[in-house]
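# Structure at a glance
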Amino acid sequence: MATKKIDTNNFKTDVLENAKPVVVDFWAEWCGPCKMIAPALEEISNEMPNIEVAKVNIDENPDIAAKFGVRSIPTLMLFKDGKPAAIQVGAQSKSKLVDWIKGAA
């Protein structure tokens, strides 16, 4: 399953009301580290069917980023049962991201 683009119209249904844990990647086009981890997140979304990976462009959806206190990017938040359960700030290797997700999910 590929990463899913999230905005204010689908955040509630696709993230907060999702039965699966959802990793939300807060990113922006101009962010180099965000671009570095994007391929790893795409692979993770295909390799871990028990979670969903979603992407929120903070420039297009500043209200969502502000609501969850995102101050630097990339910020990854793992949502479980409609609430943030874990936060990872900064670029990490794919293996570290997988370990973080497994530990939090």
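Note: the structure precedes this text.
Residues numbered from 1 in each chain as written. Predicted model: local features only at pLDDT ≥ 70, side-chain atom pairs only at ≥ 80, totals over all residues. Heavy atoms only, no water.

### Points about the pairing of strand E4 (residues 75-80)
Among the 6 residues of E4, 5 are classified as buried, and the element is accordingly described as predominantly covered. Taken together, the 5 bridges between strand E2 (residues 22-27) and E4 define a ladder with antiparallel strand orientation. Note that in E4 the partner of Val22 across the bridge is Phe79. A loop of 2 residues connects E4 with strand E5 (residues 83-89), the two strands running antiparallel in sequence, and Asp81 in this loop sits at a positive phi of about 55°. (Buried < 20%, exposed > 50% of the residue type's maximum accessible area, 1.4 Å probe, protein only. Helix = DSSP H or I, 4+ residues; strand = E, 2+ residues; numbered from the N terminus. Pairing = 2+ DSSP bridges.)

### Quick look at the packing of helix H2 (residues 32-47) against helix H4 (residues 94-104)
Look at H2 against H4: their axes get within 10 Å of each other, and the N-to-C directions meet at 50°. Looking at the two axes, H2 sits oblique to H4. Where H2 crosses over H4, the two elements pack in a sense that is right-handed. Mapping the contact onto sequence places Ile37, Ala40, Leu41, Glu43, Ile44 and Glu47 in H2 and Lys94, Leu97, Val98 and Ile101 in H4. For the contact of H2 with H4, a count of residues per class yields 7 nonpolar, no polar and 3 charged. (Axes fitted to C-alpha atoms, helices over the stretch in contact; angles between N-to-C directions. Parallel < 35°, antiparallel > 145°, perpendicular 65-115°, else oblique. Left-handed = near helix turned anticlockwise from the far one by under 90°. Contact = heavy atoms within 4.5 Å. Nonpolar A, V, L, I, M, F, W, Y, C, P; charged D, E, K, R; others polar.)

### Looking at unusual backbone geometry
Across the junction of Ile73 and Pro74, the peptide omega takes the value 0°, indicating a cis bond. Counting through the fold element by element, Pro74 comes out in the loop between helix H3 (62-67) and E4. Non-glycine residue Asp81 carries a positive phi angle of around 55°. Tracing the backbone through its elements, the reader meets Asp81 in the loop between E4 and E5.

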